[in-house]
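# Structure at a glance
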Amino acid sequence: MTGLRKTIMVLLLLPAMVWGLLVCLVAAVLPPLRKQAARCAISVDQLANAALDGDEDETISSRAAKAQLDGKRWGCVLCGWLDKIDPGHCARWIEWDRGGWRSK
């Protein structure tokens with residue numbers, strides 16, 4: 001997918017992603033809906049990954065962790081940022097059975 005097509009895809013999906021995150025936030029503060037909030041957050045994450053030409057069933061964290069293992073700059077930067085918020089986040093969320101991965 002070309003850069004322009006990716007940008008257009010992300011811009012078209014942005015409202016859905018923002019709406020999904022808002023629903024997740026509301027559900028997260030209501031105790032009976034916390035489990036649903038977690039599933040909602042993962043689905044928004046997978047939507048964003050698919051919009052960026054990734055596997056539709058893989059999270060961005062998993063994809064970033066694999067990129068980090070391959071030494072790709074974007075994966076190192078994203079995992080570094082996520083690890084500051086949640087130590088070990090990327091390593092915990094690698095989905096080896098999703099998205100395919102081949103080391104160098």
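It should be emphasised that the depicted structure is a prediction, and the values quoted were computed from it without experimental measurement.

For the rest of this paragraph, the subject is helix 4 (residues 73–85). Here helix 4 spans 19 Å end to end across 13 residues, near enough to the 18 Å set by a 1.5 Å rise per residue. Taken residue by residue, helix 4 has Gly75, Cys79 and Leu82 as its buried positions. For helix 4, the arc enclosing every buried residue in end-on projection is 65°, short of the 170-degree limit, so these residues lie on one face. Opposite the packed face of helix 4, turned more than 90 degrees from it, sit the exposed residues Arg73, Trp81 and Lys84. If you follow the buried residues of helix 4, they end up packed against helix 3 (60–69) and helix 5 (89–92).

Time to look at helix 3. For helix 3, the complete set of buried residues consists of Ser61, Ser62, Ala64, Ala65, Lys66 and Ala67. For helix 3, the secondary structure elements touched by its buried residues are helix 2 (34–51), helix 4 and helix 5.

Before going further, it helps to spend a moment on the pattern of salt bridges. Throughout the structure, instances matching the rule amount to four salt bridges. In this structure, the salt-bridge partner of Asp57 is Arg98, at a minimum N-O distance of 2.5 Å. Of this pair, Asp57 sits in the loop between helix 2 and helix 3 while Arg98 is found in the segment after helix 5, placing the two residues 41 residues apart along the sequence. Taking the shortest distance from any N to any O, the salt bridge between Asp97 and Arg98 comes out at 3.1 Å. Its relative accessible area of 29% is what places Arg98 among the partly exposed residues. Among the ionic contacts, a cluster of salt bridges with common partners joins Asp57, Asp97 and Arg98.

A surface patch of nonpolar side chains, about 700 Å² in accessible area, is lined by Leu11, Leu14, Val18, Trp19, Leu22, Val23 and Leu25. Note on placement: Leu22 falls in helix 1 (residues 3–29). Overall, the relative accessible area of 45% leaves Leu22 in the partly exposed class.

It is worth spelling out the confidence of the model for the protein chain at this point. Residues with a pLDDT of 70 or more make up 91% of the protein chain, whose mean pLDDT is 82. Mean pLDDT values for the elements of the protein chain range from 73 in helix 1 up to 92 in helix 3.

Each value, and the rule that gives it
Residues numbered from 1 in each chain as written. Predicted model: local features only at pLDDT ≥ 70, side-chain atom pairs only at ≥ 80, totals over all residues. Heavy atoms only, no water. Helix = DSSP H or I, 4+ residues; strand = E, 2+ residues; numbered from the N terminus. Expected span 1.5 Å × (residues − 1). Buried < 20%, exposed > 50% of the residue type's maximum accessible area, 1.4 Å probe, protein only. Arc of directions from axis to C-beta. Contact = heavy atoms within 4.5 Å. Salt bridge = Lys/Arg side-chain N within 4 Å of Asp/Glu carboxyl O. Patch = residues over 30% accessible without salt bridge, like charges linked within 9 Å, V, L, I, M, F, W, Y side chains within 5 Å. Areas by Shrake-Rupley, 256 points an atom, 1.4 Å probe, with all protein chains shown as cover. pLDDT = per-residue confidence, 0-100.

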